[in-house]
Amino acid sequence: MTTPTLQGRAKALLERLDRLAACSETPGQIDRPYLSKSHRSAVALVESWMRQAGLETRIDALGTLVGKRRGSGTDPGMKGRSLLLGSHIDTVRNAGRYDGPLGVAIAIDCTATLRDAPFDVEVLAFGDEEGGRFAGTLRGSRAVAGSFDPRLLDTTDANGISVRAALRELGANPEAWRDEARAAPLGYLEIHIEQGPVLERMGAPLGVVTSIAAATRLQLELRGEAGHAGTVPMGGRRDALVGAADAIRAVRDSALPHPESVATVGQLTVEPGAPNVIPGLVRFTVDLRAPTVSQRDALESEVTRRLQAVADANDLSLAMTRIHASDGCACAPALQDRLDRAVRSLGLTPPRLPSGAGHDAMAIAAATEVAMLFVRCKGGISHNPAESVTEDDVALAIGATDAFLREFAHGT
Ligand code: HGY
Ligand code: MN
Ligand code: MN
């Protein structure tokens, strides 16, 4: 049997991702929340890929699909030690098909390179990277890193279903969450689309990630007074939606003076939401990112100050809950250099760049050194069905991953 070329592997891999895109809650778009029916069908499909690649598979306590290739056993010092690879297979609403799954599919495809490595290799297909269904994220990767907070099992979705109950429906055993912490992993590699325009602007197919931004996600409530739209004079209304309009602008204005920071209102609901009722309650989210924890915290303080001023000016009450926070992480310099050599072995010179997007690597960094390889995506578009990569760039990503793993395993 001839060894498939990088191009052939990339073509087959992209066809697999096209099939995975059909695993969605919503026909005609990609919408795959953690522990949903579509996540379960995605787990079944990706598990078949893992088994075809000769990996032992299991679903862990937090719903992460794990594909394992055992080491050769030639080095007693490496017994039970794992190199971790992976990314996520859950998605945002109306998502693209590569954010997460591309990294999982490349990791599975490249495990063959580690056939006679002295250590185990595990491919981790995480299911809770995006958040959205349940407040909080990174449950799976935090469990692997040994930093999981079991209270996150009792978070409930909009229908009152808990993470714990949804895990059981997937066939996972959430009570075993402690067992998922890996003892001294050898390292973690995540391949991921850049989700930004930098590589495209530099004409570079691949990039080496230097760090991942710190992030905070807030849930806010502005509460006024519902009333009859026809009878309550404009003066003296306590209209929560007018207040929210001022709040959204205040969030944006908080970030404008800081070019490396971003602030976004992504979700908003209005109650009671009737055309002839003055809105009494608005709930919305704020997503904050900055290169460092101190810059992130300073931005959060500025947003909080401005939102309280908006509430006061509109005679509204403000309630704020931090539903997610990540300190981001630095990618290990030695692994960055190893990735750099791997990409250069293809005749390319990879830029080094930070990631504004969050990744499971942030959580895994609590337990081991992490590295990320970025793949160029068209227009930097992501979290959007127009997300796209080229077969050539995916072939290069596969080649670079093979080279990284070969050097990691054999120093060659
Ligand atoms: O929001 C993020 O940065 C990631 O896509 N979950
Ligand atoms: Mn994403
Ligand atoms: Mn992602």
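What counts, and at which threshold
Residues numbered from 1 in each chain as written. Chains lettered and ligands numbered in written order. Predicted model: local features only at pLDDT ≥ 70, side-chain atom pairs only at ≥ 80, totals over all residues. Heavy atoms only, no water. Helix = DSSP H or I, 4+ residues; strand = E, 2+ residues; numbered from the N terminus. Rg over C-alpha atoms; globule rule 2.2 N^0.38 Å. Buried < 20%, exposed > 50% of the residue type's maximum accessible area, 1.4 Å probe, protein only. Lys, Arg positive; Asp, Glu negative; His and termini not counted. Charge placed at Lys NZ, Arg CZ, Asp CG, Glu CD. Domains from an automatic or database assignment. Contact = heavy atoms within 4.5 Å. Buried area = accessible area lost by both parts, 1.4 Å probe. Salt bridge = Lys/Arg side-chain N within 4 Å of Asp/Glu carboxyl O. Polar contact = N/O pair within 3.5 Å; in protein donor to acceptor, adjacent residues only side chain to side chain. Donors = N, O, S within 2.8 Å, 3.2 Å for Na, K, Ca; no water. Patch = residues over 30% accessible without salt bridge, like charges linked within 9 Å, V, L, I, M, F, W, Y side chains within 5 Å. Areas by Shrake-Rupley, 256 points an atom, 1.4 Å probe, with all protein chains shown as cover. Near = heavy atom within 4 Å. Nonpolar A, V, L, I, M, F, W, Y, C, P; charged D, E, K, R; others polar.

To continue, consider the overall build of the chain. Counting secondary structure elements, the chain contains eleven helices and 16 strands. Compactness check: the chain gives a C-alpha radius of gyration of 23 Å against a globular reference of 22 Å for 412 residues, within 12% of the reference. Overall size of the chain, expressed as C-alpha extent along the three principal axes, is 80 × 45 × 40 Å. Per-residue burial for the chain yields a buried fraction of 53% across its 412 residues. Across the chain, the mean location of the 45 positive side-chain charges is 2 Å away from that of the 51 negative side-chain charges.

For the chain, the assigned domains are domain 1 (4–212 + 329–410) and domain 2 (214–326). Between the C-alpha centres of domain 1 and domain 2 there is a distance of 33 Å. Taken together, the contact pairs 13 residues of domain 1 with eight residues of domain 2. Here domain 1 and domain 2 share an interface that buries about 650 Å² over both sides, 37% of which is from carbon and sulfur atoms. Linking domain 1 to domain 2 there are zero salt bridges. The tally of links between domain 1 and domain 2 comes to four residue pairs in polar contact (both at pLDDT 80 or more).

Our next topic: the coordination of the manganese ion (ligand 3). Under perfect tetrahedral coordination by four donors, a metal shows angles of 109.5 degrees; under perfect octahedral coordination by six donors, it shows angles of 90 or 180 degrees. Around the manganese ion (ligand 3), the protein contributes the donor atoms His88 (NE2), Asp99 (OD) and His192 (NE2), which lie 2.1 to 2.3 Å from the metal centre. Read from N- to C-terminus, the donor residues coordinating the manganese ion (ligand 3) fall into the pattern H-x10-D-x92-H. The distance between the manganese ion (ligand 3) and the manganese ion (ligand 2) comes to 3.5 Å, and Asp99 binds to both of them. Of this pair, His88 sits in strand E3 (residues 82–88) while Asp99 sits in the loop between E3 and helix H3 (101–110), placing them eleven residues apart in sequence. On the basis of relative accessibility, which here comes to 5%, the residue Asp99 falls in the buried class.

This next bit is on the side chain of Ser162. Inspection of the secondary structure assignment puts Ser162 in the loop between helix H4 (139–145) and helix H5 (163–170). In this structure Ser162 comes out as buried when scored by relative accessible area, which is 17%. Contact partners of Ser162, with chain neighbours within four places excluded, come to Phe134, Leu153, Asp154, Thr155 and Thr156.

Attention now moves to the coordination of the manganese ion (ligand 2). Around the manganese ion (ligand 2), the donor atoms from the protein are Asp99 (OD), Glu130 (OE) and His383 (NE2), and they sit 2.0 to 2.2 Å away. Each donor residue of the manganese ion (ligand 2) lies on the same chain, and together they follow the pattern D-x30-E-x252-H.

Take a nonpolar patch on the surface next. Residues Leu241, Ile248 and Leu268 make up a contiguous nonpolar surface patch of roughly 210 Å² in combined accessible area. Considering the arrangement of structural elements, one finds Leu241 in helix H7 (residues 240–255). Note on Leu241: relative accessible area 34%, which makes it partly exposed.

On to the pattern of salt bridges, then. Tallied over the entire structure, the rule returns 37 salt bridges. Between Glu122 and Arg182 there is a salt bridge whose closest N-O contact spans 2.9 Å. With Glu122 in strand E4 (residues 120–126) and Arg182 in the loop between H5 and strand E5 (187–193), the pair connects residues that are 60 residues apart, well separated along the chain. Neither Glu122 nor Arg182 differs from the other in exposure class; each is buried. A salt bridge links Arg182 to Glu180; its shortest N-O distance comes to 3.7 Å. Of the residues examined, Arg182 reaches a relative accessible area of 16% and is grouped as buried. Taken together, the shared-partner salt bridges connect Arg296, Asp297, Glu300, Arg322 and Asp327 into one network.

Inspection of the region around ligand 1 gives Glu129, Glu130, Arg217, Arg289, Ala357, Gly358 and His383 as its neighbouring residues. In this structure, a nitrogen atom belonging to ligand 1 sits 3.0 Å away from a side-chain N or O atom of Glu129. Between ligand 1 and the protein, one listed contact pairs a nitrogen atom with a side-chain N or O atom of Glu130 at 2.9 Å. Computed on the free molecule, ligand 1 has an accessible area of 210 Å², of which 92% lies beneath the protein chains in the complex. When the residues that make up the shell around ligand 1 are grouped by side-chain class, the tally is one nonpolar, two polar and four charged.

Geometrically, the link from Glu271 to Pro272 is a cis peptide bond, its omega value of 5 degrees lying close to zero. Of note, Pro272 is situated in the loop between strand E10 (268–271) and strand E11 (277–278). For Gln195, which is not glycine, the phi dihedral falls at a positive 65 degrees. The topology assignment puts Gln195 in the loop between E5 and helix H6 (198–202).

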